[in-house]
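So the chains spell out like this:
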Amino acid sequence: VQLVEYGGGLVQAGGSLRLSCAASGRTFRIDTMGWYRQAPEKQRELVGSLVTSGGGSTNYADSVKGRFTISRDNYKNTLYLQMNSLKPEDTAVYYCYAKVSVGVLSWSDYWGQGTQVTVSS
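Residues numbered from 1 in each chain as written. Predicted model: local features only at pLDDT ≥ 70, side-chain atom pairs only at ≥ 80, totals over all residues. Heavy atoms only, no water.

Draft legend 1. Main features of unusual backbone geometry. A positive phi angle, close to 65 degrees, is found at Glu41, a residue other than glycine. With respect to the helices and strands, Glu41 occurs in the loop between strand S4 (30–38) and strand S5 (45–51). You can call Glu41 exposed: its relative accessible area is 87%. One non-glycine residue, Ser85, lies in positive phi territory at about 50 degrees. Mapped onto the elements of the fold, Ser85 is located in the loop between strand S8 (78–83) and strand S9 (92–103). Note on Ser85: relative accessible area 40%, which makes it partly exposed. (Helix = DSSP H or I, 4+ residues; strand = E, 2+ residues; numbered from the N terminus. Buried < 20%, exposed > 50% of the residue type's maximum accessible area, 1.4 Å probe, protein only.)

Here is the structure:
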């Protein structure tokens, strides 16, 4: 599975950005997709995730609930992160990831290259 992210950039506080993550390869084996972010000198943290099977349930970090929305276009094999009401503390490199089934009760994580999001105050 290969993941390529698009859509990062510079935005003022209160603004919006949408990140995209295009998946290719054995996408039918993807169980979960989501986004992490890493700010300078901080650990990588989960932003949110979406289960690709069933009802497509989502979960979000408390810090982004109500502001960020994850969605997926199954036809395009693309995951989106809509970010509204952005804050300077949202500044980070955002990484798309996919949890891929590789066997019975066995998964591997795949990562995109990351895209920079900078929110100015």
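The structure having been displayed, the exposition proceeds.
Draft legend 2. Region of interest: the pairing of S5. Alignment of S4 against S5, held across six bridges, turns out to be antiparallel. The partner of Tyr36 across the bridge, within S5, is Leu46. Here S4 hands over to S5 after six residues, with Glu41 in that stretch at a positive phi of 65 degrees. Pairing of S5 with strand S6 (residues 58–60) involves three bridges; the strand directions are antiparallel. Of the residues in S6, the one forming a bridge with Ser49 is Asn59. The hairpin turn running from S5 into S6, its antiparallel successor, is six residues long, and Gly54 in that turn takes a positive phi close to 60 degrees. (Pairing = 2+ DSSP bridges.)

Draft legend 3. Structural view of the nonpolar core. Counting 29 residues, the largest nonpolar core has Leu3, Met33, Trp35, Phe68, Leu81, Met83 and Tyr94 as its most contacted members. Elements that contribute at least two residues to this core include exactly strand S3 (17–24), S4, S5, strand S7 (68–73), S8, S9 and strand S11 (115–120). At five residues, S9 tops the list of elements feeding residues into this core. Those residues in contact with Phe68 that sit more than four places away from it in its chain are Arg37, Val47, Tyr60, Leu81, Gln82, Met83, Asn84, Leu86, Asp90 and Tyr94. (Core = buried A, V, L, I, M, F, W, Y, C linked by side-chain atoms within 4.5 Å. Contact = heavy atoms within 4.5 Å.)

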